[in-house]
Amino acid sequence: MEELLMGGTSMFLFRQGSRNSLNIKRFDRTFLANYEYCFGMRLPHQDTVADVLTQVDPDSLESVKMNLMSRLFEQKWLRPYRLLGHYYLVAVDATGVVSFDKPHCEHCLTKKSKSGKVTYFHYVLEAKLVTPSGHCLSLASEWVENPSGDFNKQDCELKAFARLADKLKKQYPRLPVCILADGLYPNNTVFDICQSNDWKYILVLQDTMLKSVQEEVDLIRLRKPVAENYRVKSGVRISSKYRFQTAIPYKKHHLHWMQCVETKTKDVPSGVKNMVEPVTSTFEYVTNIEPDRENVISLTAGGRLRWKIENEGFNTQKCGDYELEHKYCRNSYSGMKNYYTLLQIAHLINQLVEKSKFVTTLRKEHSKQTIREIWRCLIAYMLCVRPGGTPKVQPSG
């Protein structure tokens, strides 16, 4: 079983994008020898791996992933990335995994286009630990899925969040969590869940959400900023102005509001007449961490790390050779779930490697060296150099 699960994980570790791609390399004896030398086990055929993954309980494999993260917390390696020196930032968001023109299974979600075409798809809600250094590590996953049999309404992201919260609290009961989420989440149900779990949160506040809170802060938006920050990044001057309001009553809760107005001005070389108009962006949040003049900058910076789950998380897994949306096991719902979990495990391991001192130093030596190119060189090495450093083909003479 270890060989089979490692074989499935290695497809994502090596960023092959499909079962067939790794199977082709499996025919190469040098690649097989290097694989066994590195991992201490054989590389199974990917069709065999797929057959096994259709039989494995997805919850069991999900527990393996969460136990890996628990081990990282035990090693205290992630402590330097905590917000205000205490809270781990956990971004929550959902993404589509696969879609079909015909029903895939009884748990498919459905949507109808304006033309009347029905699409069947699977959606998953993720809780990922995010850090300023760019880590985006999966803590837990919860599938948004319709129940078996008859039902009145489809499952949705907010219903799945309640199940995900139970899973997170059970696996990481004493972890000081701060939930980061988009404008869908500021509502009384989410506030209640966070309060019952003793979690903090920083949630994006959209103009259409929490009308009573919006009315409370309308005049505060016009006040003088309570804090300002200026910096230059890649030739762009960035000015940030901060406002906040504490203890805004909302049903049984007291919310705190924060705002960051950021203006970016690109430096224009001398002699250039065309002026570049400044670009202004506004970020607003509700939180249950009381802001003040000392911590408001850190709190809003923490809230903005929510984007890591979109960029370093889903976008990397879809466009960075992991091929998240590929149908690795189209005929089995359990197999599809298990492949998704193996992808999360492989992405976790790869991030630890890619952000290690060795790889970071290597990339600094070559300014245009990319992670994708390093992985291609790794595959080439495993195909062309035998264990011990002997080339596959010895030069003549």
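Procedures and definitions
- Residues numbered from 1 in each chain as written.
- Predicted model: local features only at pLDDT ≥ 70, side-chain atom pairs only at ≥ 80, totals over all residues.
- Heavy atoms only, no water.
- Helix = DSSP H or I, 4+ residues; strand = E, 2+ residues; numbered from the N terminus.
- Buried < 20%, exposed > 50% of the residue type's maximum accessible area, 1.4 Å probe, protein only.
- Contact = heavy atoms within 4.5 Å.
- Phe/Tyr/Trp six-rings, centres within 6.5 Å; stacked < 30°, edge-to-face > 60°.
- Lys NZ or Arg CZ within 6 Å of the ring centre and 35° of its normal.
- Disulfide = S-S within 2.5 Å.
- Polar contact = N/O pair within 3.5 Å; in protein donor to acceptor, adjacent residues only side chain to side chain.
- Axes fitted to C-alpha atoms, helices over the stretch in contact; angles between N-to-C directions.
- Parallel < 35°, antiparallel > 145°, perpendicular 65-115°, else oblique.
- Nonpolar A, V, L, I, M, F, W, Y, C, P; charged D, E, K, R; others polar.
- pLDDT = per-residue confidence, 0-100.

Enquirer: With reference to specific residues and values, describe the overall build of the protein chain.
Expert: Secondary structure summary: the protein chain contains 13 helices and 12 strands in total. Judged by the C-alpha coordinates and their principal axes, the protein chain covers about 80 × 70 × 50 Å. Taking all 397 residues of the protein chain together, 49% fall into the buried category. Across the protein chain, contacts joining residues at least 24 apart in sequence account for 65% of those joining residues at least 6 apart.

Enquirer: Summarise the packing of aromatic side chains; cite the residues concerned and give the values.
Expert: Applying the stated rule across the entire model yields 15 aromatic pairs. Aromatic pair Tyr-35 and Phe-39: ring centres 4.8 Å apart, planes at 55°, arrangement tilted. Taken together, the residues Tyr-35 and Phe-39, both in helix H3 (residues 29-39) and four residues apart, mark about one turn of the helix. Chaining the aromatic ring pairs together yields one cluster made of Phe-14, Phe-31, Tyr-35 and Phe-39. Over the aromatic face of Trp-375 sits the side chain of Arg-15, whose NZ or CZ is 5.8 Å from the ring centroid.

Enquirer: So what's going on with the environment of Cys-329? Which residues, and what values?
Expert: Position of Cys-329 among the secondary structure elements: in the loop between helix H10 (307-319) and helix H11 (333-354). Under the relative-accessibility criterion, Cys-329 is labelled buried at 9%. Note: C-alpha distance between Cys-329 and Thr-54 (275 residues apart in sequence) is 8.1 Å. Not counting the four nearest positions on each side in its chain, Cys-329 is found in contact with Thr-54, Gly-335, Met-336 and Tyr-339.

Enquirer: Kindly report on the state of the cysteines, identifying the contributing residues and their values.
Expert: Within this structure, the stated rule accounts for zero disulfides. No disulfide involves Cys-108; its nearest neighbouring cysteine sulfur is the one of Cys-105, lying 4.1 Å away. Of all cysteine sulfurs in the structure, the one in Cys-178 sits closest to Cys-194, which takes part in no disulfide; the separation is 8.6 Å. By relative accessible area, which is 0% here, Cys-194 ends up buried.

Enquirer: Which residues make up the side chain of Lys-65, and what values do they have?
Expert: Along the chain, Lys-65 turns up in helix H5 (residues 58-74). What makes Lys-65 buried here is its relative accessible area of 0%. At 2.9 Å, the side chain of Lys-65 and the side chain of Ser-138 are in polar contact. A polar contact of 2.8 Å, which involves the side chain of Lys-65, links it to the side chain of Ser-141. Once residues lying within four places of it in the same chain are set aside, the contact partners of Lys-65 are Glu-126, Ser-138, Leu-139, Ala-140, Ser-141, Thr-341, Gln-344 and Ile-345.

Enquirer: Summarise helix H2 (residues 19-26); cite the residues concerned and give the values.
Expert: Residues Ser-21, Leu-22, Asn-23 and Lys-25 constitute the buried set of H2. Buried-residue contacts for H2 involve helix H1 (2-13), H3, helix H4 (46-53) and helix H13 (371-384).

Enquirer: Describe the packing of H2 against H4, with residues and values.
Expert: Between H2 and H4, the shortest axis-to-axis distance is 9 Å and the interhelical angle comes to 135°. As summarised for this structure, H2 and H4 are arranged oblique, according to the angle between their axes. Every residue of H4 that contacts H2 at Arg-19, Leu-22 and Asn-23 is listed here: Gln-46, Asp-47 and Ala-50. Among the residues making up the contact of H2 with H4, the classes are represented as two nonpolar, two polar and two charged.

Enquirer: Give me the lowdown on the confidence of the model for the protein chain, citing residues and values where you can.
Expert: Residues of the protein chain with pLDDT of at least 70 account for 97%, and the chain-wide mean is 92. Within the protein chain, strand S12 (residues 390-391) has the poorest average pLDDT of any element, 78, and strand S5 (residues 177-181) the best, 98.

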